[in-house]
Amino acid sequence: MTGNLLDLAPKAAAAAIAALVEGQGWPRYRATQILRRLWVAPIARWDDATELPGAIRRLLGAEYPLARLAVARREVSSDGTVKTLWRLDDGEAIESVWIPSGQRRTLCISSQAGCALGCRFCATGRMGFRRDLTAAEIALQVRELVLDDPARKPTNVVFMGMGEPLLNWPSVDVALSILNDPDGFGIGARHITVSTVGILPGMAALRARPEQFRLAISLHAADDVTRLELMPIEKKYHLAEVLAAAKTFGRRVTFEYVMIAGKNDGDRDADRLARLARPLGAHLNLLPLHPGGAPGLSPSSPSRIRAFAERLRAAGIEAVVRRSRGLDINAACGQLYVESEAKRRPARATPAG
Ligand code: SAH
Ligand code: SF4
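This report concerns the structure included in the present document.

Below, the discussion takes up the site of ligand 1. Within the structure, ligand 1 sits among 17 residues, and Phe121, Ser195, Ser218, His220 and His290 are positioned closest to it. In the model, an oxygen atom of ligand 1 is placed 2.7 Å from a nitrogen or oxygen of the Ser195 side chain. Within the side chain of Glu256, one N or O atom sits 2.9 Å away from an oxygen atom of ligand 1. Among the secondary structure elements, those contributing two or more residues to the shell around ligand 1 are β8 (192–196) and β10 (254–259). In terms of residue class, the shell around ligand 1 is built from eight nonpolar, seven polar and two charged.

In the vicinity of ligand 2, the contacting residues are Cys115, Leu117, Gly118, Cys119, Phe121, Cys122, Gly125, Gly163 and Val197. Per-class residue counts for the shell around ligand 2 are six nonpolar, three polar and no charged.

In this fold, Asp223 is placed in the loop between β9 (214–218) and α8 (224–230). Only 2.7 Å separates the side chain of Asp223 from the side chain of Thr226, close enough to count as a polar contact.

Buried within helix α7 (residues 200–208) are the following residues: Gly202, Met203 and Leu206. Looking down the long axis of α7, one finds its buried residues gathered within 100° of arc, a one-sided arrangement. Counted as exposed and oriented over 90 degrees from the buried face of α7: Pro201 and Ala208. Among the structural elements, α6 (169–180), β8, β9 and α9 (239–247) are those in contact with the buried residues of α7.

Calculation rules
Residues numbered from 1 in each chain as written. Chains lettered and ligands numbered in written order. Predicted model: local features only at pLDDT ≥ 70, side-chain atom pairs only at ≥ 80, totals over all residues. Heavy atoms only, no water. Near = heavy atom within 4 Å. Polar contact = N/O pair within 3.5 Å; in protein donor to acceptor, adjacent residues only side chain to side chain. Helix = DSSP H or I, 4+ residues; strand = E, 2+ residues; numbered from the N terminus. Nonpolar A, V, L, I, M, F, W, Y, C, P; charged D, E, K, R; others polar. Buried < 20%, exposed > 50% of the residue type's maximum accessible area, 1.4 Å probe, protein only. Arc of directions from axis to C-beta. Contact = heavy atoms within 4.5 Å.

What follows is the structure, encoded as structure tokens:
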């Protein structure tokens, strides 16, 4: 048997390893040692697992090689944010952004190469869809950082990189287990956030999991006409249905709202938004538009964003204005890709303005 143990949820990997250990007639405690090396104490190659005899290391190396992601490009912002463009085995590229903030280290990961949904303000959307990531490719974005420096291990993970996670549920489902399981990275479910435009079947699947994973909904508009203008997905999953699904989610959700000058940042938008958010007890994250991904759109002014947030708070809504991190390295997801792949694949990527 051969395979990629990193593509399995820890429980399934444990079962596969137990079967291998038994089949080979190795002592049973070897199974625990092997499992630990996947996520808990990761190694770059089986040869580095010096607690295992050479014969076991050689067999694992030949039949269960440990997959890696190659760093295609890395940029460090003056505020400590680290952005990595990873090269996948088939030449595709994806991004992760590591954001330190006090005791917290948040890693923003990708779930797809590209994205099919084409939101107007998003650099990834403008690349189009390339392919789904495997569970291993999602989880390796964390593993590679830990291999590099265990002190970088994230305390929080957000699926806010490239792609729509709930359109790649089979891989995201397994990746969530790897992130959360004590035999995986052991990150608490409340510290793992899946961000979606509101893919209804995916929201139902996430809700069916027993763990308290967090859900963020990319709203970006408080009425369906404006939303349709910004997000083509509104044609398929309407605002009202997405809000209804959020209501039945059973846990408090966060709304994400990119502030775009003259599009969705008026007082009337704030009032409508307050009416939508209040019955859900939803928390609002206001994000200044990152201009790189959005030709023809401009960010709301800081004073407009402040006034918008104040108006929401006056209406009893918890609204937080997110600081734009890593501005000097184009850290809004999709932007590093657009910048470097536009040169590599001129026919496919559209450079941001
Ligand atoms: N597809 C999912 C998750 C990835 S996008 C989703 O859309 O929710 C993650 C977040 O990045 C979204 O909230 C999106 O609105 C935000 N984003 C995309 N382009 C942006 C830009 N140009 N400026 C600021 N935020 C942006
Ligand atoms: Fe896709 Fe999210 Fe970007 Fe929209 S905002 S195009 S859903 S990655």
